[in-house]
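Understanding the architecture of this molecule
Take a look at the letters that make up each chain.
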Amino acid sequence: MLSQTVALLIARCIGDHGREARFPFLDENVVSFLQSVPMSDKVDFNLPRGEGEKLLLRDVARLLGCAASSRLPKRAIQFGSRIAKLEGSSKELASDICDRLQHKP
């Protein structure tokens, strides 16, 4: 399965930097289940942003008592973590090569 190969490569790269990668949504059972669910149960673009996408995750979050979180707009992980702002740079772009991660001889 291609997603497993990609996940393994990413996990190795992350592991080389002393971190552990986890990809719960790439689990074969999760992927198979989500493929069997009709699109209309996963997304409703008639609803406002922060409500209409990721409906299943939002429903589970509400059931687990995370009602406030379930209404937040989704963000890509690299922007959702807000790591660039924590490091003091708000002008970094996703396409930039990070000087802090460059290998220096």
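All of these numbers come straight from a predicted model, not from anything done at the bench.

We now examine helix H4 (residues 55-63). Regarding H4, the residues found buried are Leu 55, Arg 58 and Ala 61. Along the axis of H4, the buried residues cluster in a sector spanning 125 degrees; they form a single face. Tucked inside the fold, the buried residues of H4 contact helix H3 (39-42) and helix H5 (67-70). Gly 65 lies just past H4 and shows a positive phi near 90 degrees.

Take a positive patch on the surface next. A surface patch of like charges, here positive, comprises Arg 49, Lys 54, Lys 74 and Arg 75. Along the chain, Arg 49 falls in the loop between H3 and H4. Its relative accessible area of 60% is what places Arg 49 among the exposed residues.

Scanning the model with the defined rule gives two salt bridges in all. Between Glu 53 and Arg 58 there is a salt bridge whose closest N-O contact spans 2.7 Å. Residue class for Glu 53 comes out buried when judged on its relative accessible area of 14%. Across the pair Asp 59 and Arg 62 runs a salt bridge whose closest N-O atoms are separated by 2.7 Å. With Asp 59 and Arg 62 both in helix H4 and three residues apart, the pair spans about one turn of that helix. According to the relative accessible area criterion, Asp 59 is partly exposed, its value standing at 38%.

For the rest of this paragraph, the subject is the side chain of Arg 58. Relative to the elements of secondary structure, Arg 58 occurs in helix H4. Its relative accessible area of 5% is what places Arg 58 among the buried residues. A polar side-chain atom of Arg 58 sits 2.5 Å from the main-chain carbonyl oxygen of Glu 53. Reaching out from Arg 58, the side chain makes a polar contact with the backbone oxygen of Leu 72 at a distance of 2.8 Å. Arg 58 has contacts with Gly 50, Glu 51, Glu 53, Ser 69, Ser 70, Arg 71, Leu 72, Pro 73 and Lys 74, leaving out every residue within four places of it along the chain.

Taken together, the side chains of Val 6, Ile 10, Phe 23 and Leu 26 present a nonpolar region at the surface, about 280 Å² in accessible area. Given the relative accessible area of 38%, Val 6 is considered partly exposed.

Attention now moves to the side chain of Ser 70. Relative to the helices and strands, Ser 70 resides in helix H5. According to the relative accessible area criterion, Ser 70 is buried, its value standing at 2%. Only 3.3 Å separates the side chain of Ser 70 from the side chain of Arg 62, close enough to count as a polar contact. Those residues in contact with Ser 70, other than ones at most four positions away along the chain, are Gly 50, Arg 58, Ala 61 and Arg 62.

Thresholds applied
- Residues numbered from 1 in each chain as written.
- Predicted model: local features only at pLDDT ≥ 70, side-chain atom pairs only at ≥ 80, totals over all residues.
- Heavy atoms only, no water.
- Buried < 20%, exposed > 50% of the residue type's maximum accessible area, 1.4 Å probe, protein only.
- Helix = DSSP H or I, 4+ residues; strand = E, 2+ residues; numbered from the N terminus.
- Arc of directions from axis to C-beta.
- Contact = heavy atoms within 4.5 Å.
- Patch = residues over 30% accessible without salt bridge, like charges linked within 9 Å, V, L, I, M, F, W, Y side chains within 5 Å.
- Areas by Shrake-Rupley, 256 points an atom, 1.4 Å probe, with all protein chains shown as cover.
- Salt bridge = Lys/Arg side-chain N within 4 Å of Asp/Glu carboxyl O.
- Lys, Arg positive; Asp, Glu negative; His and termini not counted.
- Charge placed at Lys NZ, Arg CZ, Asp CG, Glu CD.
- Polar contact = N/O pair within 3.5 Å; in protein donor to acceptor, adjacent residues only side chain to side chain.

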